[in-house]
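# Observations on chain architecture
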Amino acid sequence: MSHNRRTAARSARILGVSAASAALALGAAGSALACSLADFSAAALCDGGKGVITVTDKDASGVPAVVTVYLENNGSDLRQVGEQTVIGTKEGAQVQFAEEWKPGAVYRVHVTATRGTKTFVNDDIPLLTAPAKACAAEQTAKPSPSTSRSATGKPSPSASTSTPAGDDTTATASGSAAAPAPGGNEVSPAAQESNLAETGADSNTPVIAGIAAALVAVGGAAVFFGMRRRGVGNRH
């Protein structure tokens, strides 16, 4: 065999090995990206005090999958909970089914994943059993005890009642109470007594003046008669 034939045969073998290796690598990569039942999981959870069944799809190839959930009873389907379509992602895409599950209830989750005419998954994931403890209902906030009503249920007396704008009823009532009585020129009895006391109309001044006047008159008469008698005596 010539040197050229040996070189050509060796090159052919190298190309064959390379092609086989590439085919194996592509096959492994395709298998790794293919949708499978292992990409799906389910769990019975609580969301805001209500039960839900969550199905997660971690299919990195993104094959659309139809997920159907059934409530089981002694190995048979009692009723269908719901059906939704999910497109998986590497991080995991989720769909939720509202279900007030009972503790220990069993559910069957069926997955059908197809693309075009090729079916990747058409099977049930392992049966799902709900937790042993039901979801606790959320407690609603109670009204605060510090309300404006008293213990008897009546409005608190300290509650203030607002007066509508423009309502001058209160102002009128207070104004009329504070306004002076009609006939403001009249003098009150207390003022009259005070004036009488100041002027002496209610004292003994007139009596004393009368007595003084009488005494002055008597004294004047006595002086007059005395002087008259003296004049008569001098004549004799």
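Worth saying up front: this structure is predicted, and the values here are computed from it rather than measured. (Residues numbered from 1 in each chain as written. Predicted model: local features only at pLDDT ≥ 70, side-chain atom pairs only at ≥ 80, totals over all residues. Heavy atoms only, no water.)

### Quick look at the environment of Gly-116
- Its place among the elements puts Gly-116 in the loop between strand 6 (106-115) and strand 7 (118-124).
- Assessed through its relative accessible area of 76%, Gly-116 is described here as exposed.
- Along the chain, Gly-116 and Val-63 lie 53 residues apart, while their C-alpha atoms are 9.9 Å from each other. (Helix = DSSP H or I, 4+ residues; strand = E, 2+ residues; numbered from the N terminus. Buried < 20%, exposed > 50% of the residue type's maximum accessible area, 1.4 Å probe, protein only.)

### Comments concerning the pairing of strand 3 (residues 64-73)
- Among the 10 residues that make up strand 3, 7 are buried, leaving the element largely enclosed by the rest of the structure.
- Sheet topology note: the strand 3/strand 4 (residues 76-87) ladder contains 10 bridges and is antiparallel. Bridge assignment links Tyr-70 to a residue of strand 4, and that residue is Gln-80.
- Between strand 3 and strand 4, which pair antiparallel and follow one another directly, the connecting turn spans 2 residues, one of which, Asn-74, has a positive phi of 55 degrees.
- Note: strand 3 against strand 6, 7 bridges, orientation antiparallel. (Pairing = 2+ DSSP bridges.)

### Observations regarding the sheet that holds strand 2 (residues 50-57)
- Spatially, 1-2-5 is the arrangement adopted by the 3 strands of the open sheet, whose pairing is antiparallel. At either margin of the open sheet sits one strand with a lone partner, and together these are strand 1 (40-47) and strand 5 (93-98). Sheet twist, expressed as the mean angle between neighbouring strand axes with direction ignored, is 25 degrees.
- Bridge analysis of strand 1 against strand 2 gives 8 bridges, and the strand direction is antiparallel. Note that in strand 2 the partner of Ala-42 across the bridge is Val-55. (Axes fitted to C-alpha atoms, helices over the stretch in contact; angles between N-to-C directions.)

### Some points on the nonpolar core
- In terms of nonpolar packing, the biggest core is built from 25 residues, with Phe-40, Val-67, Val-69, Val-86, Phe-97 and Tyr-107 touching the most fellow members.
- Listed by contribution, the elements that provide at least two residues to this core are strand 1, strand 2, strand 3, strand 4, strand 5 and strand 6.
- If we skip the residues at most four places from it in the chain, Val-86 touches Phe-40, Asp-57, Val-63, Pro-64, Ala-65, Val-67, Ala-93 and Val-95. (Core = buried A, V, L, I, M, F, W, Y, C linked by side-chain atoms within 4.5 Å. Contact = heavy atoms within 4.5 Å.)

### So, the state of the cysteines
- In total, this model carries 1 disulfide according to the counting rule given.
- Between the sulfur of Cys-46 and that of Cys-135 lies a disulfide, 1.9 Å long from S to S. Because the torsion about its S-S bond is -90 degrees, the bridge between Cys-46 and Cys-135 counts as left-handed. Highlighted residues: Cys-46 in strand 1 and Cys-135 in the loop between strand 8 (128-129) and helix 2 (169-178), separated in sequence by 89 residues.
- Classification of Cys-46 by relative accessible area gives partly exposed; the value is 45%. (Disulfide = S-S within 2.5 Å.)

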